[in-house]
Amino acid sequence: MSQLLLDVNGLTMRFGGLVAVNGVNLKVKNRQIVSVIGPNGAGKTTVFNCLSGFYIPTEGSVMLKNEQIAGLKDYQISRKGLVRTFQHVRLFQKMTVIENMLVAQHRHLNTNLFSGLLKTPNYRRLEKDAMEHAAHWLEEVGLLEYANREAGNLAYGQQRRLEIARCMVTQPELLMLDEPAAGLNPNETKELDELIIKLRDEHEISILLIEHDMSLVMGISDHIYVIAQGTPLANGTAEQIKGNPDVIKAYLGEE
Amino acid sequence: MNSSKLYNAVFAAGIAFILACLMIGVKLDTDSTVLAVKGATAEQWAWIFGGIAVVFLSQLFSTQVDALFRAIPKPDIQALLPQQQKFATLKPWLIAAIIVVMMIWPFMVSRGSVDLATLTLIYIMLGLGLNIVVGLAGLLDLGFVAFYAVGAYTYALLSQYFGMSFWACLPISAGLAATFGFLLGFPVLRLRGDYLAIVTLGFGEIIRILLNNWTSLTGGPNGISGIAKPTLFGLEFNRRAKEEGAMTFHEYFDMDYSSSYKVIFLYLIAVLLVICVIYLINRLMRMPIGRAWEALREDEIACRSLGLNRTAIKLSAFTLGASTAGFAGCFFAARQGFISPESFIFIESAIILAIVVLGGMGSQLGIIFAAIIMTILPELAREFSEYRMLLFGLLMVVMMRWRPQGLVPMKRPNLELKQQ
Ligand SMILES: Nc1ncnc2c1ncn2[C@@H]1O[C@H](COP(=O)(O)OP(=O)(O)OP(=O)(O)O)[C@@H](O)[C@H]1O
Ligand SMILES: [Mg+2]
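This one's a predicted model, so the numbers in the text were calculated from it and none came from an experiment.

All names here are of chain A. Lining the immediate environment of ligand 1, one finds 14 residues, of which Gly41, Lys44, Thr45, Thr46 and Gln87 sit closest. Between ligand 1 and the protein, one listed contact pairs an oxygen atom with a side-chain N or O atom of Asn40 at 2.9 Å. Gln87 is positioned with one of its side-chain polar atoms (N or O) 2.8 Å from an oxygen atom of ligand 1. Within the residue set of the shell around ligand 1, elements represented by two or more residues are β2 (18-29) and α1 (44-51). Take the shell around ligand 1: its biggest share by element is three residues, from α1. Class assignment of the residues belonging to the shell around ligand 1 gives a composition of five nonpolar, seven polar and two charged.

We now examine the domain arrangement of chain B. Partitioning chain B into structural domains gives domain 1 (3-68) and domain 2 (91-232 + 261-402). The distance between the C-alpha centroids of domain 1 of chain B and domain 2 of chain B comes to 38 Å.

The relative placement of two packed helices comes down to the angle between their axes together with the axis-to-axis distance. Residues and elements named next belong to chain B. One can describe the packing of helix α8 (residues 166-188) onto helix α15 (residues 310-336) by two numbers: an axis separation of 7 Å at closest approach and a directional angle of 145 degrees. As α8 runs across α15, the sense of the crossing is right-handed. For the contact of α8 with α15, the class distribution of residues is 17 nonpolar, six polar and no charged.

Residues and elements named next belong to chain A. Within this structure, the stated rule accounts for 16 aromatic pairs over all chains. With a centroid separation of 5.3 Å and an interplanar angle of 80 degrees, the aromatic rings of Phe15 and Tyr55 are classed as edge-to-face. With Phe15 in strand β1 (residues 4-15) and Tyr55 in the loop between α1 and β4 (59-64), this residue pair connects regions lying 40 residues apart in the sequence. On the accessibility criterion, Phe15 (33% relative accessible area) is partly exposed.

Bringing unusual backbone geometry into the picture now. All names here are of chain A. Residues other than glycine seldom take positive phi values, yet Arg31 does so here, at roughly 55 degrees. Turning to its location among the elements, Arg31 is positioned in the loop between β2 and β3 (33-37). On the basis of relative accessibility, which here comes to 41%, the residue Arg31 falls in the partly exposed class.

Attention shifts here to the sheet that holds β1(A). Residue and element names in this part refer to chain A. Here four strands make up an open sheet; going across it, the order is β2-β1-β4-β5 and the pairing antiparallel. The sheet is open, and its two borders are formed by β2 and β5 (67-68), each paired with just one other strand. Taken together, the two bridges between β4 and β5 define a ladder with antiparallel strand orientation. Each bridged residue has a counterpart across the sheet, and for Leu64 the counterpart in β5 is Glu67. The sheet contacts of α1 involve β1, β2 and β4, and relative to β1 the element is tilted by about 115 degrees.

Our next topic: the coordination of the magnesium ion (ligand 2). Residues and elements named next belong to chain A. The coordination sphere of the magnesium ion (ligand 2), as far as protein atoms go, consists of Thr45 (OG1) and Gln87 (OE1), spread over 1.8 to 2.1 Å. Of this pair, Thr45 sits in helix α1 while Gln87 is found in the loop between β6 (82-84) and α3 (97-104), placing the two residues 42 residues apart along the sequence. The class of Gln87 is partly exposed, set by a relative accessible area of 29%.

Thresholds applied
Residues numbered from 1 in each chain as written. Chains lettered and ligands numbered in written order. Predicted model: local features only at pLDDT ≥ 70, side-chain atom pairs only at ≥ 80, totals over all residues. Heavy atoms only, no water. Near = heavy atom within 4 Å. Polar contact = N/O pair within 3.5 Å; in protein donor to acceptor, adjacent residues only side chain to side chain. Helix = DSSP H or I, 4+ residues; strand = E, 2+ residues; numbered from the N terminus. Nonpolar A, V, L, I, M, F, W, Y, C, P; charged D, E, K, R; others polar. Domains from an automatic or database assignment. Axes fitted to C-alpha atoms, helices over the stretch in contact; angles between N-to-C directions. Left-handed = near helix turned anticlockwise from the far one by under 90°. Phe/Tyr/Trp six-rings, centres within 6.5 Å; stacked < 30°, edge-to-face > 60°. Buried < 20%, exposed > 50% of the residue type's maximum accessible area, 1.4 Å probe, protein only. Pairing = 2+ DSSP bridges. Contact = heavy atoms within 4.5 Å. Donors = N, O, S within 2.8 Å, 3.2 Å for Na, K, Ca; no water.

Shown next as structure tokens:
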């Protein structure tokens, strides 16, 4: 089972009496787009928070490349190659686009204080590589011309794309996107669709996606998990999910 | 004019009246042996009612007053500066010219001016240090003066007990202050905003009270006096050398003794230290660590999701900020020759914070301007020294209304990208 990138079993998260996530299982293989869908308040974002280390799950195991990551610190998990975006865009607003990209490479750049103060050749080389890497990804998402713009001044769709580019520059193996299409117009949604497929096919990473836009989800997902009220409801390919009566009931509400 | 305006105005005037009555209207006075409550004089009452009238009217016509404020043209400092490209080529020359002027200037002016300039330079150092913590990392620190005190007392004590020289103590002071910054950093890592402000405020007070009460070591409220002045490669600036066989500066260069040499020498050291601090912090701001501080200020959660260890980043901001204050403190002790806990009260923290806010959070140039304003202004307005705090308050209110982003807001670096 070495091709399993992420293997989540029995993930449960309780907030006091409230069970936000209840026994969720997820499997993501290499180079796969896997979606998590469910009605509002189903617990999707909470699952992401558990996987990325923002919450420590009450129960369950999270295996990334056969290594237990449940309980690790958030920054440790992202260093292992699992990086996420947020439902509400979180950029470093007052910093420029390129600075946002450089902060994301902090770990690769952070040698020591003195080499930076003295501008040693090694330090310069690392800075140069980081700039090139950042420029490469800005070009991929079409933001290169805005490199020295303040991130907070970008249009909403551009901010969304910058957030994805900023994740990519950390060289993740699994990218988790929390409702990346929310607030985008149909054109931008189409571009996003293409970007996500490109990430899988050309950059060979896996994507775990939360999304309410059903046409986007059905179009690109290799596998779909449905959760409702924190509990797994169904999983399967787009075709299987579309025809599943339980899923339809959960979305339309009972009665 | 609607009734809510009138209601507001009456309310504000009422509050002003109550406060004025309590604070100025009545006074306690000793009548031989008993305390007696006395009313204010007629003249004072006239002032009080005049003030209340101003409050009432300004509230009543607040929209008009606001419009008036908005009508004041806002100077655009960016437009005053030369064009970007031209400025880039000019910059090294400009900096060199400023440094040269700063080196020559003290020989042409009075001792008092040089002394004041030295004080200003100390505040510039403090402002730059606090800027790391507040302006860049966004951690509100109200007890910054504690690190200043640590630096000052480190030198004072080492000099007093072990006779160590200023130059040897400079790095030790910075290092010890940094250690304190590190230690304070640990408990406050999880705190933000108001909570952090309160804890740091407490820390500042703890250090001051400790210095006040640890009489056996620090001399308590009496402070430490006779702290040795810095020397130039072992040459003293006194009339006579303290140690047998040692030379003084004027003897060595065969000049007449003048007390202004000492003042100028101190000033030049301060210039040197400030240049070092500016250079170092400027480098730090452009390094990964500087960007991480700012990222932490902008969005802590995003930082964590990108693999940044916020603990390390916060601690480094606290540590480096504190070490700058320790630097300044060591120099302060050497310049004064005498320190006591009096010099490290909360108001000092507030002034340093005011410098950072006034200058424009994160902006080094702004902080330098603000430090100059905050130290020179009180000197110019000596006659009003009783109203010093009032003037500061007024300045703050006006600034926040007129230029909330500070004198010279921080400019983002323009990073050159090779276009593919
Ligand atoms: N930190 C928390 N403390 C208490 N309850 C929480 C916390 N985080 C989430 N919850 C609760 O968990 C449930 C699931 O929330 P979550 O944000 O995961 O839903 P979601 O599926 O992402 O919804 P949406 O589609 O609206 O984004 C909600 O009832 C929410 O109130
Ligand atoms: Mg959500």
